[in-house]
Amino acid sequence: MKVNCRLCDSKKMTQFLDLGHQPPSDQFVRAERLDNNITYYPLRVVSCDQCKFVQLDHVVDPEILYQDDYPYVSSTTNAGRSHFDSFAGSVVEKYKLSKDDMVIDIGSNVGVLLDGFKRRGTKVLGIDPAPNIAAIAESNGIPTKVAFFGHGVADMVKETHGHAKVITGSNVFAHINDLNKVMEEVDTLLDEKGVFIIEVPYLRHLFDFMEYDTIYHEHLSYISLMPLVPFFKKKGFEISHLDEVKIHGGSLRIHISRIGDYTPTPIVEEMITSEERDGIHEQENLENFARKVKKNRDDLIKLIHNLKADGKRIAGVSAPAKGMTLLNYCGVSKDDLEFVTEKCELKIGRFTPGSNIPVMRDEDLISHEIDYALLLAWNFKDEIIKNLPEFRERGGKFIIPIPEPHIV
Ligand SMILES: [Zn+2]
């Protein structure tokens, strides 16, 4: 389904990057379904002519994207866990939250962020659409409501749990199609002087560090600040504070509150002004990025094919959603990678969507005498490399695909 601009409803949007047709990146295929046809959807990035918001113009039905066996479980790395803990700590401190304050996390996954709040004494509630993931959260002691945020859940939650002092959303705002509805639900649920805090990958990092693999169907919007200002204003909100954080290659934590509740900190104006000054929304900048994406693909395929021609054995390490964009867009096939490894048990034994590469365990790098490991979760590269000492001692090397394909 094609859509208007998610923020300003303009029909006029200009495409600058086409990543082809791809299957949903989290649909790891079970062996018995390998012969079934899977559906490919367009993956195109456009910029709104009016407000400059960067987004996908094709929306895949969330019921298809977030089905019951959705395999994404956050916090599988130490870096991820410590990130969420410091997120919770900084919010509790900044807003002086106490035991009477409710924190609601949307897209709460297995409850890692809320666990950080709970341990610091606040009340917590998770909202997540995936029943299997919510069940894990409940078993971790995090009460979780199974629902899509932005579909009328706010009134229900307000009845049962009261208002929230803080609503968080880590890597979820950019995943929701109807952002108007999201802000209406936030307004319903937020207490007086409440704060809505979203953590989103920043468009600037996407451009600066060539993170084009973070473009996939779940990820509908690519956030910059300038287009958000008039959007939030229309909803009675404003950006009151910003933190730059180092997760997922570089994200922004945006604090949003009702106009006038808090005096915006100086960094808000500084960062908005710098976006304009540096011309990040200019057509020329967008096209330049698209050119570099094509070059990255050509360079990576050449590197892999040269290694194969030398008789080297290659596998992938880690299988995040973004790795699937990279494999499918670059045309990396099961002839190139013998398998990819993954720690997440839900993915092991399945096959990567589109490229049909088997998902195995890290130990298989050794037993299959792999020479080169293509590191797909490059944002956790230090931790992953450190955790594979035996592979390194055997002379194994890593191919890092982003920002430019290189070997370490
Ligand atoms: Zn727009």
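Residues numbered from 1 in each chain as written. Predicted model: local features only at pLDDT ≥ 70, side-chain atom pairs only at ≥ 80, totals over all residues. Heavy atoms only, no water.

Counting its regular elements, the protein chain contains 14 helices and 17 strands. For the protein chain, the C-alpha radius of gyration of 21 Å lies close to 22 Å, the compact-globule estimate for 408 residues. With the C-alpha coordinates of the protein chain rotated into their principal frame, the extents come out at 65 × 50 × 40 Å. A burial count over the protein chain gives 56% of its 408 residues as buried. A separation threshold of at least 6 residues defines the contact pool for the protein chain, and within that pool the share at least 24 residues apart is 69%. (Helix = DSSP H or I, 4+ residues; strand = E, 2+ residues; numbered from the N terminus. Rg over C-alpha atoms; globule rule 2.2 N^0.38 Å. Buried < 20%, exposed > 50% of the residue type's maximum accessible area, 1.4 Å probe, protein only. Contact = heavy atoms within 4.5 Å.)

Relative orientation of the contacting elements helix α2 (residues 78–94) and helix α3 (residues 112–119) amounts to 45 degrees, with a least axis distance of 8 Å. Our classification of the angle between α2 and α3 gives oblique. Relative to α3, the crossing made by α2 is right-handed. Of the residues in α3, those in contact with R81, F84, D85, F87, A88, V91 and V92 of α2 are V112, L113, G116, F117 and R119. Across the contact of α2 with α3, the residue classes tally to eight nonpolar, one polar and three charged. (Axes fitted to C-alpha atoms, helices over the stretch in contact; angles between N-to-C directions. Parallel < 35°, antiparallel > 145°, perpendicular 65-115°, else oblique. Left-handed = near helix turned anticlockwise from the far one by under 90°. Nonpolar A, V, L, I, M, F, W, Y, C, P; charged D, E, K, R; others polar.)

The next thing to look at is the sheet that holds strand β11 (residues 251–258). In spatial order, the strands read β6-β5-β4-β7-β8-β11-β10; together these seven strands make up an open sheet with mixed pairing. Only two strands of the sheet have a single partner each, and these edge strands are β6 (144–146) and β10 (237–245). Going from strand to strand, the sheet's axes swing by 20 degrees on average, the running direction of each strand aside. Relative to the sheet, helix α4 (residues 131–139) contacts β5 (123–128) and β6, its axis offset from that of β6 by approximately 165 degrees. (Pairing = 2+ DSSP bridges.)

Another point: the pairing of strand β4 (residues 102–106). In terms of burial, β4 is a largely internal element, five of the five residues being buried. Both faces of β4 are covered, namely the face carrying M102, I104 and I106 and the face carrying V103 and D105. Relative to β5, β4 is paired through five bridges, and the arrangement is parallel. Note on β5: the bridge partner recorded for V103 is V124. For the crossover that starts at β4, traverses α3 and ends in the parallel β5, the hand is right-handed. The pairing of β4 with strand β7 (residues 164–170) spans three bridges and is classified as parallel. The residue bridging V103 from the neighbouring strand is V166, located in β7. (Right-handed = clockwise from strand over helix to strand, strands pointing away.)

Further remarks concern the domain arrangement of the protein chain. Along its sequence, the protein chain is carved into domain 1 (78–277) and domain 2 (284–407). Averaged C-alpha coordinates put domain 1 and domain 2 at centres separated by 31 Å. Each partner contributes to the interface: domain 1 provides 16 residues, whereas domain 2 provides 20 residues. In this assembly, domain 1 packs against domain 2 so that about 1,600 Å² is buried in total across both faces, 70% of it on carbon and sulfur atoms. When the buried surface of domain 1 facing domain 2 is broken down by residue, M210, Y212 and D213 rank first, second and third, together holding 45% of it. Our count for the domain 1 to domain 2 interface comes out at zero salt bridges. Where domain 1 packs against domain 2, one counts three residue pairs in polar contact (both at pLDDT 80 or more). (Domains from an automatic or database assignment. Buried area = accessible area lost by both parts, 1.4 Å probe. Salt bridge = Lys/Arg side-chain N within 4 Å of Asp/Glu carboxyl O. Polar contact = N/O pair within 3.5 Å; in protein donor to acceptor, adjacent residues only side chain to side chain.)

Our focus in this paragraph is the environment of G323. Summarising the element assignment, G323 is placed in helix α11 (residues 321–330). Residues G323 and T352 lie 29 residues apart in sequence; the distance between their C-alpha atoms is 9.4 Å.

It is worth spelling out the packing of aromatic side chains at this point. Per the counting criterion, the structure on display carries seven aromatic pairs. Seen from their ring centres, F391 and F398 are 5.3 Å apart, and the 75 degrees between their planes marks the pair as edge-to-face. For F391, a relative accessible area of 1% gives the class buried. The structure contains a cluster of three or more aromatic residues connected by ring pairs, namely F173, F196, F231 and F232. Taking the ring centre of Y262 as reference, the NZ or CZ of K193 above it sits at 4.8 Å. In this structure, R253 packs its charged tip against the face of F87, placed 4.1 Å from the ring centre. (Phe/Tyr/Trp six-rings, centres within 6.5 Å; stacked < 30°, edge-to-face > 60°. Lys NZ or Arg CZ within 6 Å of the ring centre and 35° of its normal.)

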